[in-house]
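Chain residues, written in single-letter form:
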Amino acid sequence: MPEVVTRDPATGRELGRYPAHDEAAVEQALAETAAAAPGWAATPLGERLALLRTVGKLLTERRDEYAALITAEMGKPLAESLAEIDKCAWNCSVVADLAPEWLADRPVSASAAQSWISYEPLGVIFAVMPWNFPFWQVLRFACAALAAGNTALLKHSPDVTGCALAIEELFESLQPGLFRALVIDAGRVADVSRRIILDPRIAAVTLTGSERAGAAVAEAAGTACKKTVLELGGSDPFVVLADASISAAADAAARSRFGNAGQSCVAAKRFIVVEEVADEFVAALLASLETTQIGPLARADLRDNAIRQIEETVAAGARLLTGGRPVDGPGYFLEPAVLDHVTPGMAAFTEETFGPVAAVVRARDDDHAVALANDTDFGLGCSVWGATGHALAVGRRIRSGALFVNAPVASDPRLPFGGIGRSGHGRELSAEGVREFTNLRTVAVA
Ligand code: NDP
């Protein structure tokens, strides 16, 4: 029988073996979420949100257990896993508090005597999620989908199958059928996902992950004329202007780039620094690195890919100032790397670097910094450092789904999150994220 095997990235040791769902089990999960959808849609919003509050409470009660599971399966340090669970619990309470406002009918003055927009549930939402924030990525989607009155079917990354099943168990213990998780072995992912997306019982699809996976899922959704929300990768610019506080910028740069071992879509990836402060910034970044603690990368192939990107970037003329070597011994550890004099066309500039690899790009002046920041097909976040008015003016000229001034890009349940270009489309979190999973319905009464 096909199985999914999970491993501890810190040791390479096997953690668990899970039987993959066969056709009948996939059908059962789909049928259960579809059967639960009408009843959940008809459940008053207050009751739906009460369930989310309970989810948040249980996450907090079980934070040690869940955080240990995250660390075991994808390798981040325990403190980061605990912070991830706490953020999920926070999201539950923010959604529970604010969804009544986000989902309330919106009156509009038009020709009819009365008209308004209402936000109505769609049905079953299919979610394909990655391993980098195994609880956050799922809870972020699930809270929005369930608050809006939908049910949810998850295909999680096989690397974090224990997390997927723990989240399923949490929801199932409260109300069966609202949230089911599938366990799909590697050879069948594309086929099974496609069939699920084409199934008439699925209303819409959301994916967080690579462009390759996003394109495959969106192609199937396009065939079936179904809505998608795609949260793909990024190559976020972190722009440091001449009037920036260099020590604050370098500290934030190190936290943003090396948190989660660099495996975050909104991590700062290209550090675009105007020449007159570049040496000072690089020295401060290297100093911040001395106190940085990171875990292993989540899989061997992810480390191999980061090393390839470093090697190709150096071969193309950049300077490797520190790190970049695999750590001897078991596990998928990689020394944090800082590359200087990176230029457009090099791997660390053009591709998404999903590991502890900082690429410093030197800009002649503000105009050059803007041109470099925009020289990418991605467009997720952007962080600009400098005197506030100056940094804001420069930031407005850069294309991205989010602009943070004198702060690293971060998600917040009260603010929309998502990208443009090859970073995807649609938004998660906040009113916009909850409304993505609704039928935005026009009502006019003569
Ligand atoms: P993937 O995009 O392959 O994985 C993300 C999810 O998509 C997983 O559940 C995966 O399942 C699924 N998936 C992949 N192909 C398909 C398909 N054809 N149909 C349906 N589902 C699919 O990412 P990787 O783990 O391989 O990481 C590769 C790169 O992707 C990273 O280096 C990074 O650049 C980017 N990435 C970006 C993330 C983000 O937060 N935006 C998160 C993770 C990765 P399965 O693993 O079973 O194939």
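Residues numbered from 1 in each chain as written. Predicted model: local features only at pLDDT ≥ 70, side-chain atom pairs only at ≥ 80, totals over all residues. Heavy atoms only, no water.

- With an unreviewed UniProt entry as reference, the protein chain is termed Succinate-semialdehyde dehydrogenase, source organism Actinoplanes lobatus.

### Some details on the packing of aromatic side chains
- One pass over the full model with this rule turns up 8 aromatic pairs.
- When the centroid spacing of 4.9 Å and the interplanar angle of 35° are considered together, the rings of Tyr66 and Phe135 count as tilted. Separated by 69 residues along the polypeptide, Tyr66 in helix H3 (residues 63–74) and Phe135 in the loop between strand S5 (124–128) and helix H5 (136–147) bring together distant segments of the chain. Here Tyr66 matches Phe135 in class, with each residue buried.
- Among the aromatic residues, those joined into a cluster by ring pairs are Phe238, Phe271, Phe281 and Trp385.
- Its guanidinium or amino end placed over the ring of Trp136, Lys87 lies 4.7 Å from that ring's centre, counting from NZ or CZ.
- Sitting over the face of the ring of Phe378, Arg422 holds its NZ or CZ atom 5.5 Å from the ring centroid. (Phe/Tyr/Trp six-rings, centres within 6.5 Å; stacked < 30°, edge-to-face > 60°. Helix = DSSP H or I, 4+ residues; strand = E, 2+ residues; numbered from the N terminus. Buried < 20%, exposed > 50% of the residue type's maximum accessible area, 1.4 Å probe, protein only. Lys NZ or Arg CZ within 6 Å of the ring centre and 35° of its normal.)

### Some remarks on the site of the ligand
- In the vicinity of the ligand lie 28 residues, with Met129, Trp131, Ser210, Arg212 and Glu352 positioned nearest.
- Between the ligand and Arg212 there is a distance of 2.9 Å, counted from an oxygen atom to a side-chain nitrogen or oxygen.
- At 2.7 Å from an oxygen atom of the ligand is found a side-chain nitrogen or oxygen belonging to Glu352.
- Protein chains shield 86% of the accessible area of the ligand, which is 860 Å² for the free molecule.
- When residues of the shell around the ligand are traced back to their parent elements, those giving at least two are helix H7 (189–198) and helix H8 (211–223).
- Counting residues per element, the shell around the ligand draws most heavily on H8, at 4 residues. (Near = heavy atom within 4 Å. Polar contact = N/O pair within 3.5 Å; in protein donor to acceptor, adjacent residues only side chain to side chain. Areas by Shrake-Rupley, 256 points an atom, 1.4 Å probe, with all protein chains shown as cover.)

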